[in-house]
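The primary structure of each chain is shown beneath.
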2 protein chains.
Amino acid sequence: MTSHDNDAFKPIATVDLAIFSLSPAGLSVLLVRRANAPFSGDWALPGGWIHIDEDADLEAAARRVLKEKTGVETPYLEQLQTTGGRSRDPRGWSISIVYIALLSADDVADRQDGLAGEAEWRPIEGEGAGLSLAFDHAVLLKEALGRIRSKVEYSSLPGHLLPVHFTLSELQSVYETLLGRKLDKSAFRKRVAEADFLEPVEGEMRRASNRPAQMFRLKDAQSLALFDRRI
Amino acid sequence: MTSHDNDAFKPIATVDLAIFSLSPAGLSVLLVRRANAPFSGDWALPGGWIHIDEDADLEAAARRVLKEKTGVETPYLEQLQTTGGRSRDPRGWSISIVYIALLSADDVADRQDGLAGEAEWRPIEGEGAGLSLAFDHAVLLKEALGRIRSKVEYSSLPGHLLPVHFTLSELQSVYETLLGRKLDKSAFRKRVAEADFLEPVEGEMRRASNRPAQMFRLKDAQSLALFDRRI
DNA sequence: AAGCCTTAGTGTAAATCTTCAACTAAGTTA
DNA sequence: TAACTTAGTTGAAGATTTACACTAAGGCTT
């Protein structure tokens, strides 16, 4: 770097999280109500400043914020993008490192009574474009939704919205909800087998259906398997 | 954000660029020799602090650094990821927003004589893992290479390593170089037609080959077309 | 000027992949 | 015990992809 670089400043830097879960009606996103200015009282994606005293790195910061807001420690977490500029925060030039986190309905249920009006799971309607949020969080949310909808078509991402153990029918249902269309059962199972991202849970069947269904879990709870061909 | 957030600090923040071009031998990456500590004298990816007085946003910062180092104003630019932590820079907790830029051989040729030992195009050998660079730039470079190698399989990314006008054979050659294998000509042309990311340059044929070849250009120099099925 | 050569561009049959309807299986419910 | 519902599997038909072989268009050599 040239000596000229030394007069560059340090921007405001936060991590922000688009935290999603799935209900039968579709995706919901966790929103929090801002307590402090700017945008006091407005809904926003959860986030926070990086704590240099306790955060070893960005992912640690994201996971700390995630746990604070949801109580969940190690759900699927993916960096979406970093946005930054002089116009997004009245306090000054700011950067936001944005993550996507995926929680299961079980994760959400465990936390529901702790929200008390300062946070809520907001169902996503349509493309998710109608929301008004603090900062540029509505844009970030839209980007996150685009990423999710895209990755549903070619990866195992939907598996991360299910509890640790699930049936193939439950997984297919998640894909169908996110894709917005029905999938053929045998074609779906063929594709899942080909992508090889599940393993059966030995000896565990779910008897909720009329025929007991084999339970499965993701082989890796922190990564995605990619399909050779888009659904 | 809670009041607790207010004692978070502002980290060192830079943009860093993995700038690639292609020669017949394969990819090369632009490295610069650091003039100042830390890592003075070491090779690094080009980068720099964000200039709040002139950079409206992160992409503007990245493009400013890119133009400084290469003279090229609007090549393909894609945000790779943001890395950050307390251990990557001796000066303190730091963040780097990392971009990939793709230049054509023409872009590189225009600038070759300006490098004068403080910068060089370093050919990528093998997986690109053997390099020792300042900071964690070797890791970032490896991530960037992984991204490129992945996107070659399912997108129009290789088109961005060519001059504005090129032939289908030239494009195929780029794919083959990056994939490391030969492709069937008719299958390749069929796939390219299907993906619909090129347009013929009216009336322009390249006579370098024995049969004049139709010239093409990318429909959009700043985005990628994605394939339905991996190559 | 003609023939040869090399590369560009295209056609199509064979091979492969995907879809999806229909079947069998395993339980629960009535 | 039969009926019903869901899980799991099979295989034929249809769709897609591959890749060889062909035609075309020029430049080069004789």
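Please read these numbers as outputs of a predicted model, since none were measured by experiment. (Residues numbered from 1 in each chain as written. Chains lettered and ligands numbered in written order. Predicted model: local features only at pLDDT ≥ 70, side-chain atom pairs only at ≥ 80, totals over all residues. Heavy atoms only, no water.)

Observations concerning the side chain of Arg63(B)
All names here are of chain B. Condition: Comment: elements are numbered from the N terminus, with helices defined as DSSP H or I runs of at least four residues and strands as E runs of at least two. Exposure is judged per residue with a 1.4 Å probe applied to protein chains only, and the accessible area is read against the type maximum: over 50% gives exposed, under 20% gives buried, and values in between give partly exposed. Between two residues, a contact is recorded if the distance between any of their heavy atoms is within 4.5 Å.
Along the chain, the position of Arg63 falls in helix 1 (residues 58-70). Taking the relative accessible area as the measure of exposure, Arg63 reaches 16% and is therefore buried. Setting aside residues no more than four positions away along its own chain, Arg63 makes contact with Glu73, Thr74, Pro75, Leu77 and Gln222.

Here we look at the protein's contact with DNA strand D
For the record, the criterion: Any residue with a heavy atom lying within 4 Å of a molecule or strand is counted as near it. Residues adjacent in sequence count toward polar contacts only when both atoms are side-chain atoms; beyond that, a polar contact is any pair of N or O atoms within 3.5 Å, and within protein one must be able to donate a hydrogen and the other to accept it. Residues are grouped as follows: Ala, Val, Leu, Ile, Met, Phe, Trp, Tyr, Cys and Pro are nonpolar; Asp, Glu, Lys and Arg are charged; every other residue, Gly included, is polar.
Taken together, 18 residues form the shell around DNA strand D, and within it Arg211(A), Gln214(A), Asp184(B), Ser186(B) and Arg211(B) come nearest. Considering the 4 Å shell around the protein, atoms of DNA strand D inside it are sugar or phosphate in 56% of instances. Within the contact set of DNA strand D, a base nitrogen lies 2.9 Å away from a side-chain nitrogen or oxygen of Lys185(A). Between a phosphate oxygen of DNA strand D and a main-chain N or O atom of Gln214(A), the distance comes to 2.7 Å. When residues of the surface near DNA strand D are traced back to their parent elements, those giving at least two are helix 5 (185-195) and strand 10 (213-218) of chain A together with helix 5 (185-195) of chain B. For the surface near DNA strand D, the per-class residue count stands at 4 nonpolar, 7 polar and 7 charged.

Thoughts on the sheet that holds strand 9 (residues 198-206) of chain A
All names here are of chain A. Test applied: Two strands are said to pair when DSSP picks up at least two bridges between them.
Read from one edge of the open sheet, 3 strands run 8-10-9, paired in antiparallel fashion. Of all the strands in the sheet, the pair left with one neighbour each is strand 8 (166-167) and strand 9. In the sheet, strand 8 pairs with strand 10 via 2 bridges, with the strands oriented antiparallel. Paired with Thr167 across the two strands is Met215, which belongs to strand 10.

What to know about the packing of aromatic side chains
Under the convention used in this document: Pairing of aromatic side chains requires ring centres within 6.5 Å, counting the rings of Phe and Tyr and the six-membered ring of Trp. Pairs whose planes differ by under 30 degrees are stacked, by over 60 edge-to-face, and all others tilted. Note on criteria: charge over ring means Lys NZ or Arg CZ within 6 Å of the ring centre, with the direction from the centre no more than 35 degrees off the ring normal.
Evaluated as defined, the whole model comprises 8 aromatic pairs over all chains. An angle of 55° between the planes, with centres 4.7 Å apart, marks the rings of Phe39(A) and Phe135(A) as tilted. Within this pair, whereas Phe39(A) is found in the loop between strand 2 (26-33) and strand 3 (43-44), its partner Phe135(A) is found in the loop between strand 7 (119-123) and helix 3 (137-154), the two being separated by 96 residues in sequence. Phe135(A) sits in the buried class, given a relative accessible area of 16%. With centroids separated by 6.4 Å and ring planes inclined at 25°, the aromatic side chains of Tyr175(A) and Phe227(A) adopt a geometry described as stacked. Of this pair, Tyr175(A) sits in helix 4 (residues 168-179) while Phe227(A) sits in the segment after strand 10; the two residues are 52 residues apart in sequence, bridging distant segments of the chain. In this pair, the class of Tyr175(A) matches that of Phe227(A), namely buried. An aromatic cluster is defined as three or more aromatic residues linked by ring pairs; in this entry it consists of Tyr175(A), Phe188(A), Phe197(A) and Phe227(A). Over the ring of Trp43(B) we find Arg122(B); its NZ or CZ atom is 5.5 Å from the centre of that ring.

Focus on the protein's contact with DNA strand C
Taken together, 19 residues surround DNA strand C, and among them Asp184(A), Ser186(A), Arg211(A), Ser169(B) and Gln214(B) come closest. Put simply, 57% of the atoms of DNA strand C that lie within 4 Å of the protein are in sugar or phosphate. Arg189(B) places a polar side-chain atom, nitrogen or oxygen, 3.1 Å from a phosphate oxygen of DNA strand C. Separating a base nitrogen of DNA strand C from a side-chain N or O atom of Arg211(B) is a distance of 2.9 Å. Among the elements of the structure, helix 5 of chain A together with helix 5 and strand 10 (213-218) of chain B are those that each provide at least two residues to the surface near DNA strand C.

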